[in-house]
Amino acid sequence: MKRRTWYLAVSWSLLLWSTAAQAADPSGYGQAGGEFDIKIPRVPAAELPAAKADKPPFAPTPEILAEGKAIFLGRGTCFQCHGSEGKGDGGAAKVLPIQPRNFTNPAFNKVRTPGEMMWVLKNGSMGQSGKVPGTGMLPIVGQFLSEEDGWKVLLYERSLGESR
Ligand code: HEC
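Counting restarts for each chain, with residues numbered from 1 along the sequence as it is written. Per-residue local features are limited, in this predicted model, to residues with pLDDT of at least 70; the limit for side-chain atom pairs, both in listing and counting, is 80 or more; totals at the level of whole chains, interfaces and linings are taken over all residues. Computation of side-chain values: all heavy atoms of the structure, hydrogens and water removed.

### Some remarks on the overall build of the protein chain
Then comes step 1: Within the protein chain one finds seven helices and zero strands.
Then comes step 2: Whether a residue is buried, partly exposed or exposed follows from its accessible area with a 1.4 Å probe, protein chains only, as a fraction of its type maximum: under 20%, in between, or over 50%, in that order. In the protein chain, which comprises 164 residues, the proportion classed as buried is 38%.
Then comes step 3: Expressed as a percentage of contacts within the protein chain between residues at least 6 apart in sequence, the contacts between residues at least 24 apart total 62%.
Then comes step 4: With an accessible surface of roughly 9700 Å², the protein chain has 61% of that area assigned to carbon and sulfur atoms. In this description a helix means any DSSP run of H or I spanning at least four residues, a strand means any run of E spanning at least two, and both kinds are numbered starting from the N terminus. Note on contacts: a residue pair is in contact if any heavy atoms of the two residues lie within 4.5 Å. Only the protein chains shown count as cover for residues, and all accessible areas are computed by the Shrake-Rupley method using a 1.4 Å probe.

Written out as structure tokens, the structure reads:
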């Protein structure tokens, strides 16, 4: 193959590959009960180390968890999508392109740090597709919850996956 032909072939396949990667929605995206892969970080790679280093300012004491639960079921409105038991089956989940997180899945706490969850509370989740906005998970901390309340509610969410 001539050098120029080879060059064209390579750049053409790179172009195809990159547009396909950008355009592709993850399997199940946009379908009821759509798949959501917890192993794919929701924080962009460049911000991941800082997000992982971000730690809750208090321990998940029974008092903190009770406050977090009240926010989850109350003014945080989290239950509307995540469900009153945090299983990701809230009433509003039916109209979303991807399923809300099921916090009762113990595997979730193993792959996700509290700091990454806080990043999502501040920035929203772009989901697996990386699209903005990618999911129904919109920025909450800084909008209608303080950062302190955000830590309380996410510690409560994590406790749901630890107690079983
Ligand atoms: C309008 C629906 C909706 C509401 C309300 C909502 N969420 Fe979500 N949430 C979602 C969806 C959908 C996802 C899944 C996003 C994904 O897979 O990337 C999600 C994912 C998350 C995640 C996990 C992101 C990750 O790292 O995988 C956290 C943490 C979270 N929500 C916290 C909350 C908290 C706390 C509240 C309430 C203050 C809340 N959410 C309210 C829809 C919602």
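Following the structure, the description resumes.
### A closer look at the site of the ligand
Then comes step 1: Residues are classed as near a molecule or strand on a simple rule: at least one heavy atom within 4 Å of it. The immediate surroundings of the ligand are formed by 26 residues, with Cys78, Cys81, His82, Ser125 and Met137 found nearest.
Then comes step 2: Each polar contact in these results corresponds to two N or O atoms within 3.5 Å; when the atoms are within protein, one needs to be able to donate a hydrogen and the other to accept it, and residues that are neighboring in sequence are counted only if both atoms are side-chain atoms. A distance of 2.7 Å separates an oxygen atom of the ligand from a polar side-chain atom of Arg101.
Then comes step 3: Residue Arg112 places a side-chain N or O atom 2.6 Å away from an oxygen atom belonging to the ligand.
Then comes step 4: Of all the cavities here, the one that holds the ligand is the largest pocket.
Then comes step 5: Listing elements by their share of the shell around the ligand, those giving two or more residues are α4 (79-82), α6 (114-123) and α7 (147-162).
Then comes step 6: The dominant element in the shell around the ligand, judged by the number of residues it contributes, is α6, at three residues. With a 1 Å grid spanning the protein atoms alone, the term cavity applies to any set of points in which a 1.4 Å probe fits but cannot get out, the term pocket to an open set with protein on both sides within 12 Å along at least five of seven lines, and the term lining residue to any residue with an atom within 4 Å of a point. Cavities and pockets are treated as containing a molecule whenever more than half of the molecule's atoms lie within 2 Å of their grid points.

### With respect to the coordination of the iron atom of the ligand
Then comes step 1: Distances from the iron atom of the ligand to its protein donors, His82 (NE2) and Met137 (SD), fall at 2.0 to 2.1 Å.
Then comes step 2: One can describe the site at the iron atom of the ligand as octahedral: its six donor atoms subtend angles covering 88 to 179 degrees at the metal. Separated by 55 residues along the polypeptide, His82 in helix α4 and Met137 in the loop between α6 and α7 bring together distant segments of the chain. Ligating atoms shown are N, O and S within 2.8 Å of the metal, or 3.2 Å for Na, K and Ca, and water is not included, meaning a site may look less than complete. All geometry calls rest on donor angles, where a four-donor set with angles between 85 and 135 degrees is tetrahedral, four- and six-donor sets with opposite donors more than 155 degrees apart and all others between 65 and 115 are square planar and octahedral, and all else is irregular.

### Describing the layout of surface pockets
Then comes step 1: Approximately 580 Å³ is the volume attributed to the largest pocket.
Then comes step 2: Lining the largest pocket are 31 residues, and of these His82, Arg101, Val120, Ser125 and Met137 sit closest to its centre.
Then comes step 3: At the level of elements, α4, α6 and α7 are the ones that each hand at least two residues to the lining of the largest pocket.
Then comes step 4: Each residue gets one label: Ala, Val, Leu, Ile, Met, Phe, Trp, Tyr, Cys and Pro are nonpolar, Asp, Glu, Lys and Arg are charged, and the others, such as Gly, are polar. Tallied by class, the residues present in the lining of the largest pocket amount to 17 nonpolar, ten polar and four charged. Grid points are joined across faces, edges and corners, and a volume is the space filled by probe spheres set on the points.

Remember, this is a structural readout, not a statement about activity or role.
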